[in-house]
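# Structural description and commentary
Each chain, written out:
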Amino acid sequence: MGLALVFLGVAKVQAASSVLIWPIDPVLEADQQASALWLENRGSETANLQVRVFAWSQSGFGDQYQNQRDVIGSPPVAKIEPGQKQLVRLTRTREIPPGQELAYRIIIDEIPSATPPAAEDGKTAAAIRFQMRYSVPLFAYGAGLWSKEDATRKRDPKGVGVPDLSWRSVAVDGRSYVEVRNQGAVHARLTDVALKQGGQSKPLVEGLLGYVLPGAVMRWPAPGAIAGESALQVRVNGAAQLQSVSPAR
């Protein structure tokens, strides 16, 4: 996932630094001006990272990213030594409209060192170095709306937002797709998605399928032809139970 840089000389492959990121699902609540994201270097080399926050929307069955200044990540560039960690502060610069969820993507790019590594004989070694890119979703909420459970915060149960999902099968150029619409107030993170046809269950993918933002429609390839009586089962936003998605009317 990224750019391979090739240096001439003795062939050698270098592993990129291993960056641990948490939380993997940060949020900005209506009463929060800022939230925290931690980056930890689990590798053996210094990690030079660039942090950018993009507005995230969905159209044409795909994700779209736009430059924005409503949420700022600070510091925008971090140099993290092996075994060390860095706090990135995600600060909101404007209020979110009441009852709305806005989506962002935090893009963290690893900047490879410009210095070629030394070989065992002291000469400059060739290396294939990979520029890693990490993408973390961020959701911000206006007054009167929340989505992520948090036992440490007082909640108004009336403000909880839930996705409102429906699905249909479509055929494009002879291939079957599953199309999911979200008419709810908050995003839907879809995992463990499977089509049930007769007595069989066919998974679309293992683990995470993707997100459907409020008001958006997303489409994914089906594992085969979809029978008319098929049902779609998904786990939404990490819920303990799978749920059946209603067919689109």
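Residues numbered from 1 in each chain as written. Predicted model: local features only at pLDDT ≥ 70, side-chain atom pairs only at ≥ 80, totals over all residues. Heavy atoms only, no water.

The name an unreviewed UniProt entry assigns to the protein is Molecular chaperone, from the organism Pseudomonas nunensis.

Our next topic: the sheet that holds strand β7 (residues 71-74). Read across the open sheet, the four strands follow the order β2-β4-β9-β7; overall the sheet is antiparallel. Every interior strand has two partners, whereas the edge strands, β2 (19-22) and β7, have only one. Averaged over all neighbouring strand pairs, the angle between strand axes comes to 20 degrees, with direction disregarded. Taken together, the four bridges between β2 and strand β4 (residues 34-41) define a ladder with antiparallel strand orientation. (Pairing = 2+ DSSP bridges. Helix = DSSP H or I, 4+ residues; strand = E, 2+ residues; numbered from the N terminus. Axes fitted to C-alpha atoms, helices over the stretch in contact; angles between N-to-C directions.)

It is worth spelling out unusual backbone geometry at this point. Looking along the chain, the bond that leaves Trp22 and enters Pro23 is cis, with omega of -10 degrees. The phi angle at Asp173 is positive, at roughly 55 degrees, despite the residue not being glycine. Under the relative-accessibility criterion, Asp173 is labelled exposed at 81%. Its identity is not glycine, yet Asp192 carries a phi of approximately 50 degrees, on the positive side. As for its placement among the helices and strands, Asp192 is situated in strand β15 (residues 188-197). (Buried < 20%, exposed > 50% of the residue type's maximum accessible area, 1.4 Å probe, protein only.)

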